[in-house]
Amino acid sequence: MNIHAADALDRAAGLLEQQLALFLQYEQQTFQITAGAPEQIPSCMEERLRLQREIDWISQELRALCQDLPEGEQILSAVFRSRSCQELPPEYRGLFSQSMGIRAAVQRIQELEPQALERMESTRDSLLEQIKSINQGNEAVVSRYYRSTSPKAGEQKRTFLKL
């Protein structure tokens, strides 16, 4: 292995380390959606979106790093395609181990996603019920009365003649 390939392996390992940290943060945000306060859901969703963009950027960086290297295909295989450490040359096994950590985090996130979705749906349903309840209260009746007696856009106010 030449010095250029060793630098590429080090750079790839650094990118994978960053990506794992981002996936762990993503996992934490997903868990917050399932167990945190309902008010936190929007900020958790925004943070997950930000993390997703960074994760995607790192994947693109990794592919770009490997694009012009003779060893690039082996690096990509170790990271994205290999199912067994044994099928790789020894110098790529560290990358494979790192990718397995990422795959484990992704698996946990996939297991949390249905719970997160259920929580968001139940929160939405609860809010809709609260809105319906408010709209059926006394204030809603008064509001409907005022809307029915006030002129609509383009109409003249009705006047009644007294006899």
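Residues numbered from 1 in each chain as written. Predicted model: local features only at pLDDT ≥ 70, side-chain atom pairs only at ≥ 80, totals over all residues. Heavy atoms only, no water.

> What is the right way to look at helix 3 (residues 72–81) in this model?
Think of an α-helix as turning once every 3.6 residues; residues three or four places apart then point the same way. Of the positions making up helix 3, those classed as buried are G72, I75, L76, A78 and V79. Along helix 3, the residues classed as buried sweep out an arc of 160° about the axis, all on the same side. (Buried < 20%, exposed > 50% of the residue type's maximum accessible area, 1.4 Å probe, protein only. Helix = DSSP H or I, 4+ residues; strand = E, 2+ residues; numbered from the N terminus. Arc of directions from axis to C-beta.)

> Please clarify how the packing of helix 2 (residues 41–67) against helix 4 (residues 93–135) should be interpreted in this entry.
What describes two packed helices is the angle between their axes and the distance between those same axes. Where helix 2 contacts helix 4, the axes come no closer than 12 Å and their chain directions differ by 140°. Considering the angle they form, helix 2 stands oblique to helix 4. The handedness of the crossing between helix 2 and helix 4 comes out as left-handed. For the pair helix 2 and helix 4, contact is made by I41, M45 and R48 and by E113, R119, M120 and T123, respectively. When the residues that make up the contact of helix 2 with helix 4 are grouped by side-chain class, the tally is 3 nonpolar, 1 polar and 3 charged. (Axes fitted to C-alpha atoms, helices over the stretch in contact; angles between N-to-C directions. Parallel < 35°, antiparallel > 145°, perpendicular 65-115°, else oblique. Left-handed = near helix turned anticlockwise from the far one by under 90°. Contact = heavy atoms within 4.5 Å. Nonpolar A, V, L, I, M, F, W, Y, C, P; charged D, E, K, R; others polar.)

> Can you help me understand the pattern of salt bridges in this one?
This structure, assessed with the given rule, holds 6 salt bridges. Between E61 and R11 there is a salt bridge whose closest N-O contact spans 3.7 Å. Taken as a pair, E61 in helix 2 and R11 in helix 1 (residues 3–35) lie far apart in primary sequence, 50 residues in all. According to the relative accessible area criterion, E61 is partly exposed, its value standing at 27%. A residue is classified by how much of its surface remains accessible, and R11, at 37% relative accessible area, is partly exposed. For R108, the salt bridge goes to E27, with nearest N and O atoms at 2.7 Å. One end of the pair, R108, is in helix 4; the other, E27, is in helix 1, and 81 residues separate them in sequence. Taking relative accessible area as the criterion, R108 reaches 34% and is therefore assigned partly exposed. Note on E27: relative accessible area 16%, which makes it buried. Beyond isolated ion pairs, a larger network of salt bridges with shared partners links E47, R50 and E54. (Salt bridge = Lys/Arg side-chain N within 4 Å of Asp/Glu carboxyl O.)

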